[in-house]
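Structural description and commentary
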Amino acid sequence: MKFFIDTANLEQIKEAQDLGVLDGVTTNPSLMAKEGISGDENVINHYKAICAIVDGDVSAEVISTNYEEMITEGEALAKLDDKIVVKVPMIKDGIKAIKYFSKKGIKTNCTLVFSAGQALLAAKAGATYVSPFIGRLDDISTDGLGLIEEIRLIYDNYSFPTQILAASVRNSAHILGCAKIGADVMTGPLSAITALLKHPLTDSGLATFLADHAKAAGK
Ligand code: G3P
């Protein structure tokens, strides 16, 4: 399973990249706003800065919601770097735009997906990635990981090449759940990735090893 980080924060992206396990980045307008990035030029420069840090795909979301404007915006984003994946919302014009981008060889990420039907449509349109938001489904007492299972089954039934990018991942249990089901990618915060490092027996075991070593060395 590929690990993407879901942030526009350059420090966190660098930290995840330095850890050696990062396969890509996802951003959205809220994450860009959180970093105080606004204005066309700043947004473009920020995407370029992210692409300079990571080796893998970088999702950049369109703001437009009508077909023609999505095409103009998406083509401009795709020209910034080969790593750019145009992130398009799951709406009627979005599906048409994904079909267009797919024919042009531009990578896409269909975002704001909350049902298996939406995921099926995104795959039919030729999306490179589909982003089901598991944390937001959990927030409304719906089974987010259950949706990943449904989409996995449907995509496997028909060998759709669209990759399941589990989004709105909030914690390490979500990451493990995605890995067990067979999501192709998960995107989450740095905290969820680094939480995978932690186990109390690792900490206590290491403390004992170091103490024993010091005792044997007469320290
Ligand atoms: O980038 C889309 C998605 O990952 C958002 O996550 O935590 O805002 O629900 P969240």
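See the structure shown above.
In this report, the structure presented in the accompanying data block is examined. All residue numbers refer to position in the chain's written sequence, counted from 1. In keeping with the model being predicted, local features are shown solely for residues with a pLDDT of at least 70 and side-chain atom pairs are shown and tallied solely at 80 or more, while totals for entire chains, interfaces and linings include all residues. Side-chain metrics rest on all non-hydrogen atoms present in the structure, leaving aside hydrogens and water.

1. Brief notes about helix H4 (residues 67–80)
Under the 1.5 Å per step criterion, the end-to-end length of H4 is 20 Å for 14 residues, consistent within 8% with the ideal 20 Å. One side-chain oxygen of the residue at the start of H4 lies 3.2 Å from the amide nitrogen of Glu68, identifying that residue as Asn66. Only DSSP runs of H or I reaching four residues or more are called helices, and only runs of E reaching two or more are called strands; each is numbered from the N terminus. Expected span of a helix, by definition, is 1.5 Å for each gap between consecutive residues, and there is one gap fewer than residues. The term polar contact refers here to a pair of N or O atoms within 3.5 Å; inside protein, the definition further demands a hydrogen-donor-capable atom paired with an acceptor-capable atom, and it admits residues adjacent in sequence only when both atoms are side-chain atoms.

2. A word on the sheet that holds strand S8 (residues 185–188)
By way of backbone hydrogen bonds, the strands of a sheet pair with one another, either parallel or antiparallel. Note on pairing: two strands pair once DSSP finds at least 2 bridges between them. What the eight strands build is a closed barrel, ordered S1-S2-S3-S4-S5-S6-S7-S8; its pairing is parallel. The mean angle between the axes of side-by-side strands here comes to 30°, regardless of whether they run parallel or antiparallel. Examined bridge by bridge, strand S1 (residues 2–6) and strand S2 (residues 24–26) share three bridges and lie parallel to one another. The partner of Ile5 across the bridge, within S2, is Val25. Two residues form a contact once any of their heavy atoms are found within 4.5 Å. Structural elements are reduced to axes, namely lines fitted to C-alpha atoms, with helices fitted over the stretch in contact, and the angle between N-to-C directions of any two is expressed from 0 to 180 degrees. Lying over the sheet, helix H3 (residues 40–53) contacts S2, strand S3 (57–61) and strand S4 (84–89), oriented at roughly 165° with respect to S3. Packed onto the sheet, helix H5 (residues 92–104) meets S4 and strand S5 (108–113) and runs at close to 155° relative to S4.

3. A short note on the nonpolar core
To qualify as a nonpolar core, a set must consist of buried Ala, Val, Leu, Ile, Met, Phe, Trp, Tyr and Cys residues joined through side-chain atoms within 4.5 Å. Remark: exposure states derive from per-residue accessible area (1.4 Å probe, protein chains only) relative to the maximum for the residue type, with buried under 20%, exposed over 50%, and partly exposed in between. Ile13, Val25 and Tyr155 are the most contacted members of the largest nonpolar core, which has 58 residues in total. Residue contributions to this core peak at five residues, all from helix H6 (residues 116–125). Among residues more than four places away in sequence, those in contact with Tyr155 are Ala119, Leu120, Ala123, Val130, Phe160, Thr162 and Ile164. Phe4, Val85, Tyr129 and Val185 belong to the second-largest nonpolar core, a separate cluster that totals five residues.

Keep in mind that these numbers describe shape and distance, not what the molecule does.
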